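# Examination of the molecular architecture
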Amino acid sequence: MLELGRTIGVLWDMDGVITDSGEAHYISWFKALDQHGIMISRKFFQKTFGMNNTGILSLLLNRQATEQEVDTIGGLKEELFRQDIKGRVEPLPGVTEWLQRFARSGIGQAVASSAPQENIDVIVDELGLRERFQAIVSGSKLSGKPDPATFLLAADHLGVDPADCLVIEDARVGVEAARRGGMKCIAVCTTHTRDELEGADIVVDRLTDLKAEDLASLFTQ
């Protein structure tokens, strides 16, 4: 049991936190953009990982992406991603254990991801984790991270004040979104370096390195 002295909610990002899906995302972006004569580099992909498709395409095109472009190009990318990920997804180290630990402590948990709802559903169901979450929130149609809209909506679904929420992230934009939302943040170095994630309250290489006493200290200070 975790002794925190207050009711909190845990908001899990998905890609790069619950599962390591980065390579599948890059390949599906490459294939989808190639069909439209657009190139994407790994450096650009790494820079924008964690953003929603509107944000990624707008940066890639150097202008605001139209709704049709997001639906057509982004839609193809997500279809390719879902085809590729089935049967190949596994939880990252420490995920299952911390999901269980939070659940045993009566802590509400939510997925709060920039991914489309269909992607979240595929991964959560492939991993058999749906029952662990009291809310599943897609930010694909909301203002993208680093805007905290996705996290704030997830907190609202859990009925927890943002100041009493713990975000688990792997991307710079996600860490910034947590900060802007007034939430505590643990960052996992799946897709970014420690230096890039320095804005988080705690940075770990993997969730198996997270100590209960360090987590508890975030809410007892």
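Residues numbered from 1 in each chain as written. Predicted model: local features only at pLDDT ≥ 70, side-chain atom pairs only at ≥ 80, totals over all residues. Heavy atoms only, no water.

The next point concerns the packing of helix α3 (residues 53-61) against helix α4 (residues 67-85). Where α3 contacts α4, the axes come no closer than 10 Å and their chain directions differ by 110°. Comparing their axes, α4 and α3 come out roughly perpendicular. Both α3 and α4 take part in a crossing whose hand is right-handed. Residues N53, T54, L57 and L61 of α3 pack against E69, V70, I73, G74 and E78 of α4. Taken together, the residues of the contact of α3 with α4 break down into four nonpolar, three polar and two charged. (Axes fitted to C-alpha atoms, helices over the stretch in contact; angles between N-to-C directions. Helix = DSSP H or I, 4+ residues; strand = E, 2+ residues; numbered from the N terminus. Parallel < 35°, antiparallel > 145°, perpendicular 65-115°, else oblique. Left-handed = near helix turned anticlockwise from the far one by under 90°. Contact = heavy atoms within 4.5 Å. Nonpolar A, V, L, I, M, F, W, Y, C, P; charged D, E, K, R; others polar.)

A word on the environment of D84. Assignment of secondary structure puts D84 in helix α4. For D84, a relative accessible area of 25% corresponds to the partly exposed category. The sequence separation of D84 and P148 amounts to 64 residues, and the corresponding C-alpha distance is 29 Å. Polar side-chain contacts of D84 include one of 2.6 Å to the side chain of R88. (Buried < 20%, exposed > 50% of the residue type's maximum accessible area, 1.4 Å probe, protein only. Polar contact = N/O pair within 3.5 Å; in protein donor to acceptor, adjacent residues only side chain to side chain.)

Examined against the element boundaries, H192 turns out to sit in the loop between β5 (184-188) and β6 (202-204). Reaching out from H192, the side chain makes a polar contact with the backbone oxygen of D170 at a distance of 3.1 Å. Sequence-distant contacts of H192, that is, excluding residues within four places in its chain, are made with Q46, F49, D170, A171, R172 and L197.

All right, on to the sheet that holds strand β4 (residues 165-169) then. Pairing within the open sheet is parallel, and its six strands lie in the order β3-β2-β1-β4-β5-β6. The open sheet has two free edges, formed respectively by β3 (135-138) and β6, since each of these has just one partner strand. Between one strand axis and the next, the sheet turns by 20° as a mean value, whatever way the strands run. Relative to β4, strand β1 (residues 9-12) is paired through four bridges, and the arrangement is parallel. Along β4, the bridge assignment pairs W12 with I168. Sitting on the sheet, helix α5 (residues 95-104) is in contact with β1, β2 (108-113) and β4, with an inclination near 155° to β1. (Pairing = 2+ DSSP bridges.)

Let us now look at α3. Of all the positions in α3, only N53, G55, I56, L57, S58 and L60 are classed as buried. Looking at the buried residues of α3, the elements they touch are α1 (22-34), α2 (42-48) and α4. Backbone geometry just downstream of α3 places N62 in the positive-phi region, at approximately 60°.

Before going further, it helps to examine the layout of surface pockets. One number sums up the size of the largest pocket: a volume of about 220 Å³. Contributing elements (two or more residues each) for the lining of the largest pocket: α3, α4 and α6 (117-127). Class assignment of the residues belonging to the lining of the largest pocket gives a composition of two nonpolar, six polar and five charged. (1 Å grid on protein atoms, 1.4 Å probe; cavity = no way out; pocket = protein on both sides within 12 Å on 5 of 7 lines; lining within 4 Å. Points joined across faces, edges and corners; volume = space filled by probe spheres on them.)

We now examine empty space enclosed by the protein. Here the structure, examined in full by the defined rule, presents one cavity of 30 Å³ or more. Lining the largest cavity are 19 residues, with D15, H25, F49, G50 and M51 sitting closest to its centre. Mapped onto the lining of the largest cavity, the elements with two or more residues apiece are α1, α2, α3 and α4. Counted by class, the lining of the largest cavity contains seven nonpolar, eight polar and four charged residues.

A few words on the nonpolar core. Among soluble globular proteins, nonpolar side chains are generally buried collectively. Judged by nonpolar contacts, the single largest core of 40 residues is most densely connected at W12, I18, W98 and F102. Secondary-structure elements contributing two or more residues to this core are β1, α4, α5, α6, β4, β5, β6 and α9 (212-217). Among the elements that line this core, the one with the most residues is α6, at five residues. Apart from residues no more than four positions distant in its own chain, W98 is found in contact with L2, W12, Q109, L207, L210, A212 and L215. Judged by nonpolar contacts, the second largest core, of 22 residues, contains L11, A112, A154 and A200. (Core = buried A, V, L, I, M, F, W, Y, C linked by side-chain atoms within 4.5 Å.)

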